[in-house]
Amino acid sequence: MPSTLPVPDPAALAHSEQLRVHIAEAIRAAGGWLPFSSYMALALYAPGLGYYAAGSTKFGAAGDFVTAPGLTPLFGQTVARTVAAVLAETGGEVLELGAGEGHLAVDLLHGLADLEAVPQRYYILEVSAELRARQQARLAEYASRWLDRVVWLETLPTAFTGVILGNELLDALPVDSVHRCAEGLFERGVSVADNGPFVWADQPVSNTDLQKLGGLFPAVDGYVSEISLAVPALIRSLAGELKRGALLFFDYGFPRAEFYHPQRAQGTLMCHYRHHSHTDPFWLPGLNDITAHVDFSAVAEAGEEAGLDLLGYTSQGAYLLQAGLLDQLAALELGTPTYLRAVVAVQRLLQPHEMGELFKVIALGRGVNAALPGFSGNDRRHAL
Ligand SMILES: C[S@@+](CC[C@H](N)C(=O)[O-])C[C@H]1O[C@@H](n2cnc3c(N)ncnc32)[C@H](O)[C@@H]1O
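Residues numbered from 1 in each chain as written. Predicted model: local features only at pLDDT ≥ 70, side-chain atom pairs only at ≥ 80, totals over all residues.

**Q** Any chance you could break down the overall build of the protein chain for me, citing the residues and the numbers?
**A** Broken down by element type, the protein chain carries 14 helices and 16 strands. Its C-alpha radius of gyration of 21 Å places the protein chain within 12% of the 21 Å reference for a compact globule of 384 residues. Oriented by its inertia axes, the alpha-carbon framework of the protein chain measures out at about 60 × 45 × 40 Å. Residues counted as buried form 48% of the 384 residues belonging to the protein chain. Of all intrachain contacts in the protein chain linking residues separated by at least 6 positions in sequence, the fraction that spans at least 24 positions is 79%. (Helix = DSSP H or I, 4+ residues; strand = E, 2+ residues; numbered from the N terminus. Rg over C-alpha atoms; globule rule 2.2 N^0.38 Å. Buried ≥ 20, exposed ≤ 12 C-beta atoms within 10 Å, placed from the backbone. Contact = placed C-beta atoms within 7 Å.)

**Q** Can you tell me about the site of the ligand, naming the residues and giving the values?
**A** The ligand sits among 20 residues. The nearest are Thr67, Gly98, Gly100, Ser128 and Asn167. Broken down by class, the residue content of the shell around the ligand amounts to 12 nonpolar, 6 polar and 2 charged. (Near = placed C-beta within 6 Å. Nonpolar A, V, L, I, M, F, W, Y, C, P; charged D, E, K, R; others polar.)

**Q** Which residues make up the packing of helix 1 (residues 10-29) against helix 2 (residues 36-45), and what values do they have?
**A** Two elements in contact, helix 1 and helix 2, have axes whose closest approach is 10 Å; the angle formed by their N-to-C orientations is 150°. When the axis of helix 1 is compared with that of helix 2, the two are roughly antiparallel. Every pair of crossing elements has a handedness; the one defined by helix 1 and helix 2 is right-handed. Where helix 1 approaches helix 2, its residues His22, Ile23 and Ala26 are matched on the opposing element by Tyr39, Leu42 and Ala43. (Axes fitted to C-alpha atoms, helices over the stretch in contact; angles between N-to-C directions. Parallel < 35°, antiparallel > 145°, perpendicular 65-115°, else oblique. Left-handed = near helix turned anticlockwise from the far one by under 90°.)

**Q** Describe the environment of Ala172, and please don't skip the residues or the numbers.
**A** If you trace the backbone, Ala172 turns up in the loop between strand 5 (160-167) and strand 6 (176-181). When neighbours within four sequence positions are excluded, Ala172 is seen to be in contact with Leu44, Gly98 and Thr291.

**Q** How would you explain the sheet that holds strand 11 (residues 270-273) if you had to name every residue and give the values?
**A** Strand order in the open sheet made by the 3 strands is 12-11-13, with antiparallel pairing throughout. Of all the strands in the sheet, just strand 12 (276-278) and strand 13 (289-291) have a single pairing partner and so form its edges. Sheet twist, expressed as the average angle between the axes of neighbouring strands with direction ignored, equals 25°. Across 3 bridges, strand 11 lies against strand 13 in antiparallel orientation. Paired with Cys271 across the bridge in strand 13 is Ile290. (Pairing = 2+ DSSP bridges.)

**Q** I'd like a rundown of the nonpolar core, residues and numbers included.
**A** Val83, Ala105 and Val299 are the most contacted members of the largest nonpolar core, which totals 113 residues. No other element matches helix 4 (residues 73-90), which puts 9 residues into this core. Excluding residues within four positions of it along the chain, Ala105 makes contact with Glu96, Ala99, Tyr122, Ile124, Gln135, Leu139 and Val150. (Core = buried A, V, L, I, M, F, W, Y, C linked by C-beta atoms within 7 Å.)

**Q** Tell me about the pairing of strand 16 (residues 359-366), residues and numbers included.
**A** Of all the 8 residues making up strand 16, 7 are buried; the element is thus mostly covered by neighbouring parts of the structure. As paired strands, strand 10 (residues 242-254) and strand 16 are joined by 8 bridges and run antiparallel to one another. Its bridge partner lying in strand 16, Tyr252 is registered against Phe359. Bridge count for strand 15 (residues 309-315) against strand 16 is 6 bridges, and the pairing is antiparallel.

**Q** Residues and numbers for helix 1, please.
**A** Given a rise of 1.5 Å per residue, 20 residues ought to cover 28 Å, and the 29 Å separating the end C-alpha atoms of helix 1 matches this to within 8%. Taken together, the buried positions of helix 1 are occupied by His15, Ser16, Leu19, Arg20, Ile23, Ala24 and Ile27. As for helix 1, its buried residues are in contact with strand 1 (34-35), helix 2 and strand 7 (184-192). Gly31, located one to two residues past helix 1, shows a positive phi value of around 90°. (Expected span 1.5 Å × (residues − 1).)

**Q** How would you explain helix 13 (residues 337-350) if you had to name every residue and give the values?
**A** Residue pairs spaced three or four apart in an α-helix point in one direction, given the helix's 3.6 residues per turn. Taking 1.5 Å of rise per residue, the 14 residues of helix 13 would be expected to cover 20 Å, and the 20 Å separating its terminal C-alpha atoms lies within 8% of that figure. Within the span of helix 13, buried status applies to Ala342, Ala345, Val346 and Leu349. End-on, the buried residues of helix 13 take up no more than an arc of 105°, which puts them together on one face. Turned more than 90 degrees from where helix 13 packs its buried face, Pro337, Leu340, Val344 and Gln347 sit exposed. Buried residues along helix 13 sit against helix 3 (68-71), helix 4, helix 11 (316-323), helix 12 (325-330) and helix 14 (352-356). (Arc of directions from axis to C-beta.)

**Q** Describe unusual backbone geometry, with residues and values.
**A** Residues apart from glycine generally show negative phi values, whereas peptide bonds are mostly found in trans. Of note, the phi angle at Arg274 is positive, near 50°, even though the residue is not glycine. If you trace the backbone, Arg274 turns up in the loop between strand 11 and strand 12.

**Q** Can you break down the pairing of strand 3 (residues 122-125) residue by residue, with the values?
**A** Side chains of strand 3 alternate between two faces, with Tyr122 and Ile124 and Tyr123 and Leu125 buried alike. Examined bridge by bridge, strand 2 (residues 93-97) and strand 3 share 4 bridges and lie parallel to one another. Residue pairing across strands places Val94 opposite Tyr122, the latter belonging to strand 3. For the handedness criterion, the β-α-β arrangement of strand 2, helix 5 (residues 103-114) and strand 3 is classed as right-handed. Sheet topology places strand 3 next to strand 4 (residues 150-153); 4 bridges connect them, and they run parallel. Note that in strand 4 the partner of Leu125 across the bridge is Leu153. Running through helix 6 (residues 129-142), the crossover from strand 3 to the neighbouring parallel element strand 4 is right-handed. (Right-handed = clockwise from strand over helix to strand, strands pointing away.)

Treat this as a map of the structure, not an account of what it does.
Dropping the structure here:
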């Protein structure tokens with residue numbers, strides 16, 4: 001157990017123990033070994049037990065981490081400009097994937113209303129029943145005017161026109177862990193000793209996609225990194241259903257050459273508990289968020305292979321500046337508590353050592369020719 005982390009209360013520990021037993025049973029049922037992606041899927045999403053599926057506070061000061069939409073409404077109101085530009089050209093609706101506590105949905109609807117661009121439907125696809133309930137409550141309180149337009153979906157819609165977007169969704173999708181050493185390429189999976197803790201256990205890589213991407217790892221003995229098969233699979237599914245419009249994703253990550261850099265020899269797997277970061281995904285499953293950075297080259301490739309155009313890729317800081325974040329700030333009344341809170345949040349969103357540089361924004365589309373707000377400066381598509 002990482003020694004510097006806050007100690008959870010007895011109820012939280014009991015909850016984690018329930019999930020630990022559940023995962024241990026799944027490992028035994030699978031013959032003693034699970035791919036890390038299966039472990040991560042259970043730790044985050046096992047019904048009623050996983051981190052996102054159970055009731056603890058995850059977002060904000062009382063939770064484990066803060067996301068951009070939770071920092072300030074100005075984030076969603078700025079993103080609304082890009083969304084409105086796409087909708088003006090293609091028409092259609094908005095679909096948000098993984099809406100967390102519903103901040104982005106509320107702020108986007110307000111921002112789109114300011115631009116007279118509220119769509120007939122704002123769809124949300126959310127795997128966590130518990131978060132869906134929080135989204136419903138937030139929208140009922142802060143966006144009741146458009147509540148009859150908000151529809152929660154169980155599955156991806158077919159033949160969609162409009163904008164599909166997600167903030168910090170891609171980093172929450174399960175990843176596999178691959179280890180390159182002198183003996184070859186190994187998949188790091190999860191095993192369990194008799195009633196003991198979970199342990200890493202290597203098996204030769206058999207999946208051809210993992211072999212292909214693992215083959216790109218630098219020739220550094222003991223190199224470990226993550227490969228997400230779920231991210232390109234999701235992008236392919238979305239592209240397959242996008243008749244006309246754009247995909248817009250915000251997340252932390254890099255182009256592939258930076259992701260699989262020789263100096264990043266321990267990968268990007270990261271866990272968050274009460275605003276502390278650590279790298280042990282086996283510590284108290286169910287109480288920690290587990291994430292990996294996003295390989296944005298994989299996102300672009302999957303979209304382009306499915307026939308989408310790469311409309312834009314840049315840092316979140318550059319995107320927000322160009323899309324008009326500071327205009328949104330300037331519209332607030334100077335010196336008020338709202339303004340002062342917004343200034344702090346805007347600094348955090350823009351500063352390179354905070355969320356301005358590590359976070360990126362990517363837009364892929366079909367039948368979109370308009371220049372999209374946010375992407376006309378600092379074009380980094382060449383890096384993908
Ligand atoms: C890190 S949180 C980000 C939440 C929110 N977008 C924000 O920025 O605050 C990830 C969200 O994605 C949801 N999620 C994860 N996998 C999903 C999937 N396959 N489809 C839809 N939602 C998913 C989680 O339940 C959670 O709401």
